[in-house]
Structure formats: structure tokens, C-alpha cells
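What follows is each chain in one-letter form.
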Amino acid sequence: MENNPLLHVRGVGMQFGGLKAVSGLHMEIRKGELVGLIGPNGAGKTTSFNLLTGVYVPTEGEILLEGKRLNGLAPYQITRMGISRTFQNIRLFNEISVLDNVKIAYHSLAKHSMVSSILRLPPHFAGEKEMEEKAIQFLRMFQLETCMHETAKNLPYGQQRRLEIVRALAAGPKLLLLDEPAAGMNQQETRQLMELIAFIRHELDLTILLIEHDMKLVMGICERIYVLDHGQLIAQGTPEDIRNHVKVIEAYLGEEVASNHVERGAN
Ligand SMILES: Nc1ncnc2c1ncn2[C@@H]1O[C@H](COP(=O)(O)OP(=O)(O)OP(=O)(O)O)[C@@H](O)[C@H]1O
């Protein structure tokens, strides 16, 4: 059983009318891995995340988490089973506090029953307190504790991005999907965020799949990388494999540049 991948994507595809946004996608992600998903614009990366999280139901293939089939489950069910995500465009509750943003994310998983919540029975308060303590712990980890009572929309952009990750973590995922977590950040913020991601992976025993446009960054942090182009998986392997892969160079730079690159490499 331990040999089974945490996430197994078997021949998954998504067709929108005449467009195959993703086709025949295969991925195997093992517990504890930090894996990159890259590809040029429109390659199908976000669609893949939407398939993994139940936003779309695959038009072909199947997705298994710890051997359990996810096809057709609602996003909230998939979150409960252990996959949570962040979005390319930040999605926070702008008008409420940083802390409440995280507590809302916890509510989807809270152990206390709906009845005790509504009647405000003691288990509800125990649950609330536990929830708040956990939320603050995460905020501290992401250096957001000092602004936990601030309204979310007032945070600087980089902090909003970090808060998004904290919200995803609050759901207690086994697999965390990060969609361009460093988009719009400056170099220093990006480097700090990547260090933090590497740190929480070990600290929280997480498995992470990361979409990121910055190649240098992906190569620096991920152990393995999958590359999509026009909805198809064109390469997979270690950063070293990917860096020298002709199809990847072609996809990013065009065929002509790729053949020059290979010729130069051969000399
Ligand atoms: N809901 C949809 N309906 C129709 N076409 C869609 C839909 N969602 C995505 N697409 C198309 O599917 C293809 C893949 O899009 P997707 O957003 O997954 O790419 P991406 O790799 O995430 O791109 P980017 O890096 O630009 O975010 C694109 O051609 C896109 O226009």
C-alpha cells in the first residue's frame, strides 16, 4: 500500500467543445514530494488543477488519491479527502480580518457538529478555541501573526499571497496545490516564499504540486517536474532532465532555437 502514489492521474483529459485543454495526462506523485508543473501559456496547467480539485469532471481518465477515485466528487468533498489549493488570482474574503479568513477555511473541516455550533454548546467553544490556536500558529509560521486583526484587503500584495497559502493549509491537506504562488512578487519576496514552501513541506509533512512560470525558481525547488504543452505531457523528470529536454526547449523557445541549442550542446 505504501508503494502506491499519493496522487495517481491516469490518462486524464478535459475537452471544452472542440478544444482539448488537457489530454491523456499521467502523473504519479508520492508522499512527501515537491513536484513542479510547468508549461507555456495556455498549456493546461490551471485546467489540470481544476480537474484535481473537482472544479471540472474529467472527460477521460481517472484521478485517484490514496487509491480512492475522485472523479465526479464536489470540490468540498475533495478538500475533505485531502487536496487543497491556492489560485492564480488571489481569492480571499477581502472585508474580514486575516484571522477570520483562516478560521473560515477551518470551518469546512471542524470536528464539532453543526448542532453544537448552532446551539453554541460547549463542544462548539472547544472547537472554536482549538481552531483559533491552530490558525494563529499557521499565521505565525507565515509571519502574518502581527497583522491577524487587519482587514484582508489592506494587506500588501505579498502578504495576501501568503495568507492564501495559510488558508489552503488550514484545510489540513495531504496534497497542496499551489498555482503560481509567487506571481507578482519581487525577487526577494519570491525567494523568501520559496524557502518558506520548502520549510513547511518538511514541517507539516506535506506533498506539494506547484505551478510556476519562473523556470529558475522551479528548477531550484522541485525534485521532479512535469511539462505540459498544448494540453499534452511532453516531458517529465528531474530539473536536470527538463533543462536539457529538446521538446521543452522547443515549447518555450520555438523549434529553431531548440535545434541550435542542441547542435551547440553537441559540439
Ligand atoms: N472553461 C473553459 N472553457 C473553454 N476553454 C477553456 C476553459 N478553461 C481553459 N480553457 C482553455 O484551455 C486551455 C488551457 O488553459 P489553462 O488555463 O489550463 O492553461 P495554463 O497552462 O494554466 O495557462 P496560463 O499559464 O496562461 O495560466 C487554453 O486554451 C484555455 O483557453
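The name given to the protein chain in an unreviewed UniProt entry is ABC transporter ATP-binding protein, with Paenibacillus ehimensis as the source organism.

Our next topic: the sheet that holds strand 10 (residues 232-237). On the basis of which strands lie adjacent, the open sheet formed by 6 strands has the order 6-7-8-3-9-10 and mixed pairing. Strands with a single pairing partner mark the edges of an open sheet, and in this sheet they are strand 6 (83-85) and strand 10. Strand-to-strand twist in this sheet, taken as the mean axis angle between neighbours without regard to direction, amounts to 20°. Pairing of strand 6 with strand 7 (residues 175-179) involves 3 bridges; the strand directions are parallel. Paired with arginine 85 across the strands is leucine 177, a residue of strand 7. Most of the contacts of helix 10 (residues 246-253) go to strand 10, to which it runs at about 125°, and overall it touches strand 3 (34-38), strand 9 (224-229) and strand 10.

In this section: the pattern of salt bridges. Summed over all chains, the structure comprises 13 salt bridges. Here aspartate 205 ties to lysine 31 by a salt bridge, and the two come within 3.1 Å at their closest N and O atoms. Of this pair, aspartate 205 sits in the loop between helix 7 (187-203) and strand 8 (207-211) while lysine 31 sits in the loop between strand 2 (19-29) and strand 3; the two residues are 174 residues apart in sequence, bridging distant segments of the chain. A salt bridge links glutamate 223 to arginine 201, with the shortest nitrogen-to-oxygen separation between them at 2.8 Å. Of the two residues, glutamate 223 is situated in the loop between helix 8 (215-221) and strand 9 and arginine 201 in helix 7; the sequence distance between them amounts to 22 residues. Of the residues examined, glutamate 223 reaches a relative accessible area of 35% and is grouped as partly exposed. A single salt-bridge network, built from bridges that share partners, covers Arg10, Glu62 and Arg69.

Below, the discussion takes up the site of the ligand. Near the ligand you find 14 residues, and of these Gly42, Gly44, Lys45, Thr46 and Thr47 are the closest. Within the contact set of the ligand, an oxygen atom lies 2.9 Å away from a backbone nitrogen or oxygen of glycine 44. Here the ligand has 640 Å² of accessible area as a free molecule, and 63% of this is covered by the chains. Residue contributions to the shell around the ligand peak at 3 residues, all from helix 1 (residues 45-52). For the shell around the ligand, the class distribution of residues is 6 nonpolar, 7 polar and 1 charged.

Let us look at the packing of aromatic side chains. Enumeration according to the criterion identifies 1 aromatic pair in this entry. Centroid distance phenylalanine 16 to tyrosine 56: 5.1 Å. Interplanar angle 75°. Geometry classified as edge-to-face. Taken as a pair, phenylalanine 16 in strand 1 (residues 7-16) and tyrosine 56 in the loop between helix 1 and strand 4 (60-65) lie far apart in primary sequence, 40 residues in all. Stacked on the ring of phenylalanine 87, the Lys or Arg arginine 91 has its end atom at 3.8 Å from the ring centre.

Criteria and cut-off values
Residues numbered from 1 in each chain as written. Predicted model: local features only at pLDDT ≥ 70, side-chain atom pairs only at ≥ 80, totals over all residues. Heavy atoms only, no water. Pairing = 2+ DSSP bridges. Helix = DSSP H or I, 4+ residues; strand = E, 2+ residues; numbered from the N terminus. Axes fitted to C-alpha atoms, helices over the stretch in contact; angles between N-to-C directions. Contact = heavy atoms within 4.5 Å. Salt bridge = Lys/Arg side-chain N within 4 Å of Asp/Glu carboxyl O. Buried < 20%, exposed > 50% of the residue type's maximum accessible area, 1.4 Å probe, protein only. Near = heavy atom within 4 Å. Polar contact = N/O pair within 3.5 Å; in protein donor to acceptor, adjacent residues only side chain to side chain. Areas by Shrake-Rupley, 256 points an atom, 1.4 Å probe, with all protein chains shown as cover. Nonpolar A, V, L, I, M, F, W, Y, C, P; charged D, E, K, R; others polar. Phe/Tyr/Trp six-rings, centres within 6.5 Å; stacked < 30°, edge-to-face > 60°. Lys NZ or Arg CZ within 6 Å of the ring centre and 35° of its normal.

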